[in-house]
Amino acid sequence: MVALPSPFSEIPRIPLMFDRPSDIEHLKRLTEKLASGAEIWMKRDDCNSGLAFGGNKIRKLEYVLADAVAQGADTLVTTGGVQSNHMRQTSAAAARLGMDVALYPRDAVTSTKPEYSYAGNVQLAEILGAETFPVGTSEDQVLEILKSRGRKPYPIPSGASLHPLGGLGYARCAFEILEQEKQLNLPFDVIVTATGSGSTLAGLVVGFKLARERGLLKSKKRLIGYSIMRKQSEVVELVLRIAKTAATHVGLDANDITSDDFEINDSYLGGAYGLLDTRTTDGIKELARTEGILVDPVYTGKAFTGLLDMTRGGQFGHCNVLFLHTGGQVAMSAYPQLK
Ligand SMILES: *Cc1c(COP(=O)(O)O)cnc(C)c1O
């Protein structure tokens, strides 16, 4: 079990993941192939839960849904792109807790294949029992409709990131990683993740900051978020905002968090959110054919392509690099051009 310092340990959480840390594995063949001196590791948050293939949103929802239950809500309301992993994971978590879910997707991707509108996450959310409102319906409209039916809706922002508790799941994950470092008897010098709505990276920033503050971690880690949606300066602002909010919940001061605590790289965005470029396709296939591991076309494929490129460029030197696999492979059937 992950031991958290107080007051973080007292914040209510509903377990939705498997009752153990998600696995960390060494990518031996890839490390040998890249031969850069950097050892490449992967934390498998794509296999962290039994709920509809899991992924990073499940970790955040453990805290957010504890609040929804405490408030007596009976219907979760959330949004995302049409192929949102967050909407699928929220639908599964709602089913597990005996709640309903209402989705109001945004049409975030312009140039796609027909499968984008019905395969992958769209199909799974439907199987999981989500009620999906047409693209263009606003959160206020959905809340009003649900209230008129006598329901108690609970709105969750996209990716659960701008929810006041949205950063806590990955702050806890930082402590999980520190325990796994002890077991493996090595430090992860660099931790890499895909960054969209921001709270995965923001949470890690806060968790490691708290660990340092409490004397549980000596050396500073390099935390890198590869943006898959916005330009660098916007992402920095977003991550700072979420991290400062989370900091105040776990016993830090908002001012403890600064832009020196993380790096944002927007060079592997691949044109636009949800568009699949050739470089990302090549990166996905390289990992698949070297290690048998799949990363997704929208998030982890782009971030992992960034990791491959920077490793080849010698930018990590001799150190242990941990890639946080946040999931998303379910979207692959919405991208039949990926082959
Ligand atoms: C949402 C998502 C991310 C991005 O996480 P944020 O916390 O929104 O930055 C990364 N990978 C996958 C697969 C996701 O679904």
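Residues numbered from 1 in each chain as written. Predicted model: local features only at pLDDT ≥ 70, side-chain atom pairs only at ≥ 80, totals over all residues. Heavy atoms only, no water.

The protein appears in an unreviewed UniProt entry as Tryptophan synthase beta chain-like PALP domain-containing protein from Bionectria ochroleuca. Of the protein, the UniProt comment under Sequence similarities (unreviewed entry) reads exactly: "Belongs to the ACC deaminase/D-cysteine desulfhydrase family." (UniProt positions renumbered as here; feature names shortened; annotations may be inferred.)

Brief notes about the sheet that holds strand 1 (residues 24–26)
Pairing in this open sheet of 6 strands is mixed, and the strands run 1-2-10-7-8-9 from one edge to the other. The open sheet has two edge strands with one neighbour each: strand 1 and strand 9 (263–265). The average angle at which neighbouring strand axes cross in this sheet is 25°, direction not considered. Strand direction decides the pairing type here: strand 7 (residues 190–195) and strand 10 (residues 320–325), joined by 3 bridges, are parallel. If you follow I191 over to strand 10, its bridge partner there is L322. Strands in contact with helix 8 (residues 232–250) are strand 7, strand 8 (222–227) and strand 9; relative to strand 9, the strand with the most contacts, it is inclined by about 145°. (Pairing = 2+ DSSP bridges. Helix = DSSP H or I, 4+ residues; strand = E, 2+ residues; numbered from the N terminus. Axes fitted to C-alpha atoms, helices over the stretch in contact; angles between N-to-C directions. Contact = heavy atoms within 4.5 Å.)

Let's talk about the environment of G328
Residue placement: G328 occurs in the segment after strand 10. With 170 residues separating them in the primary sequence, G328 and S158 have C-alpha atoms 15 Å apart. Once residues lying within four places of it in the same chain are set aside, the contact partners of G328 are N85, R88 and D296.

Some details on the site of the ligand
Residues in contact with the ligand amount to 16 residues; listed here are only the nearest, K57, K60, S197, T200 and T326. Taking K60, its side chain carries an N or O atom lying 2.6 Å from an oxygen atom of the ligand. The contact in question runs from a nitrogen atom of the ligand to an N or O atom on the side chain of T326, over 2.6 Å. Across the complex, the protein chains shield 98% of the 380 Å² of accessible surface that the ligand would expose by itself. At the level of elements, helix 2 (56–70), strand 7 and helix 7 (199–213) are the ones that each hand at least two residues to the shell around the ligand. With 3 residues, helix 2 is the single largest residue contributor to the shell around the ligand. (Near = heavy atom within 4 Å. Polar contact = N/O pair within 3.5 Å; in protein donor to acceptor, adjacent residues only side chain to side chain. Areas by Shrake-Rupley, 256 points an atom, 1.4 Å probe, with all protein chains shown as cover.)

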